[in-house]
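# Survey of secondary and tertiary structure
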Amino acid sequence: MHGTPGSRMGPHPRPAVLYRLGIRLIAYDRPGYGGSDPLKGRSVAHAASDVEAIADHLGLGRFAVVGRSGGAPHALACAALLPDRVTRAALLVSLAPRDAEGLDWYAGMTPSNVAEYHNAEAGYEVLAARIRTYADRIRSDPASELPFEPADLPAPDRRVVSDFGIRSMLVDNFSEALKDSYTGWIDDNMSFTVPWGFSVEEIKRPVLMWHGELDVFSPVAHTRWLAEHIPSASLVLDSNSAHFGAVAVLPQVLSWLAEGDREPEQPAAA
């Protein structure tokens, strides 16, 4: 499950790594991104029906799910609403529900993200005006413009996105996401600020959560809250990483997902 904004072209391990792990990695564009039709008013929970339809089409009975950043709540939706099909779920730098009791949702979040979610809470058209500006900039110069302010990046994230290979994947990812529409970006953010359509407390499948403690886009307190409210959750924190550190840890997480009901070693904390 790709981030926000994002597409099926998002950062992923090289084919040789996937082959070594024995992983068949399936990604799709959420409604309104890339080649997928928009679905205004969709909830986070809607992802479960899309994933189920894709799995049925591909003849898959059971499968694991992983989501990074804005994709992580959608992976949780699958774990909650498809318990007979999802074996395990992994969340990388996730958000918590907006109505998470006892969580200061905006604490530690970069001002640009705070403004974006405030716009979402103010209404669809308010958010659309803001997103349109960002989307137009990215479309005009995708190699130079990314959907975040460079000054907002903590040092670990600056190191990650300065890598030529990673930056090339990000450029391809955002270009594909916004090639026809920016409504997916709007609808993602709208869905994060309203009830998700399921209760995280009801998730029974094993859930692995990874978060860089220096993250300013999805503050680590969100994942800590989720870990406290999902009985089957395991939490891994990295004190030296931030938001984009999730790209590097993905192969380890995929290995954990592929282990099914066994209990392999989790990604190491720093």
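For the structure itself, look to the data block above.
Rules used throughout
- Residues numbered from 1 in each chain as written.
- Predicted model: local features only at pLDDT ≥ 70, side-chain atom pairs only at ≥ 80, totals over all residues.
- Heavy atoms only, no water.
- Phe/Tyr/Trp six-rings, centres within 6.5 Å; stacked < 30°, edge-to-face > 60°.
- Helix = DSSP H or I, 4+ residues; strand = E, 2+ residues; numbered from the N terminus.
- Buried < 20%, exposed > 50% of the residue type's maximum accessible area, 1.4 Å probe, protein only.
- Lys NZ or Arg CZ within 6 Å of the ring centre and 35° of its normal.
- Pairing = 2+ DSSP bridges.
- Right-handed = clockwise from strand over helix to strand, strands pointing away.
- 1 Å grid on protein atoms, 1.4 Å probe; cavity = no way out; pocket = protein on both sides within 12 Å on 5 of 7 lines; lining within 4 Å.
- Points joined across faces, edges and corners; volume = space filled by probe spheres on them.
- Nonpolar A, V, L, I, M, F, W, Y, C, P; charged D, E, K, R; others polar.
- Core = buried A, V, L, I, M, F, W, Y, C linked by side-chain atoms within 4.5 Å.
- Contact = heavy atoms within 4.5 Å.

Going through the model one piece at a time under the given rule, you end up with five aromatic pairs. Between Phe 217 and Phe 244, the aromatic rings sit 6.5 Å apart at their centres with planes inclined by 70 degrees, giving edge-to-face as the arrangement. Here Phe 217, found in the loop between strand S3 (207–212) and helix H9 (220–229), pairs with Phe 244, found in the loop between strand S4 (233–238) and helix H10 (245–258); they are 27 residues apart in sequence, far enough to count as distant. Owing to a relative accessible area of 7%, Phe 217 belongs among the buried residues under this scheme. A residue is classified by how much of its surface remains accessible, and Phe 244, at 5% relative accessible area, is buried. Cluster of aromatic residues (ring-pair linked, three or more members): Trp 105, Tyr 106 and Tyr 117. For the cation-ring pair, Lys 40 lies above Tyr 124, with the distance from its terminal atom to the ring centre recorded as 4.2 Å. A cation over an aromatic ring shows up here: Arg 88 above the ring of Trp 256, its NZ or CZ 4.3 Å from the ring centre.

Okay, the pairing of strand S1 (residues 63–68) next. Among the six residues in S1, five count as buried, and that is most of the element. Bridging between S1 and strand S2 (residues 86–92) involves five bridges; their strand directions are parallel. The residue bridging Phe 63 from the neighbouring strand is Val 86, located in S2. With helix H3 (residues 72–81) bridging S1 and its parallel neighbour S2, the resulting β-α-β unit is right-handed.

Remark: the empty space left among the atoms is shown by a probe the size of a water molecule rolled over them. Empty space within the largest pocket amounts to approximately 880 Å³. What lines the largest pocket is a set of 35 residues, and nearest its centre among them are Arg 24, Leu 25, Ile 26, Ala 64 and Val 66. Breaking the lining of the largest pocket down by element, the ones donating at least two residues are helix H2 (46–58), S1, S2 and H10. In terms of residue class, the lining of the largest pocket is built from 23 nonpolar, eight polar and four charged. For the second largest pocket, the calculated volume is near 230 Å³.

What follows is about the nonpolar core. Judged by nonpolar contacts, the single largest core of 40 residues is most densely connected at Leu 76, Phe 198, Val 200 and Leu 226. Secondary structure elements with two or more residues in this core: H2, S1, H3, S2, helix H4 (111–122), S3 and H9. Counting residues per element, this core draws most heavily on H3, which supplies seven residues. With residues near it in sequence (within four places) discarded, Phe 198 still touches Val 44, Ala 45, Pro 73, Leu 76, Ala 77, Ala 80 and Leu 81.

Another aspect to go through is the environment of Arg 137. Following the sequence through the fold, Arg 137 ends up in helix H5 (residues 124–140). Residue Arg 137 is classed as partly exposed on the basis of its relative accessible area, which comes to 30%. Between the C-alpha atom of Arg 137 and that of Asp 187, which follows or precedes it by 50 residues, the distance is 19 Å. Discounting chain neighbours no more than four positions away, the residues touching Arg 137 are Glu 145 and Glu 149.

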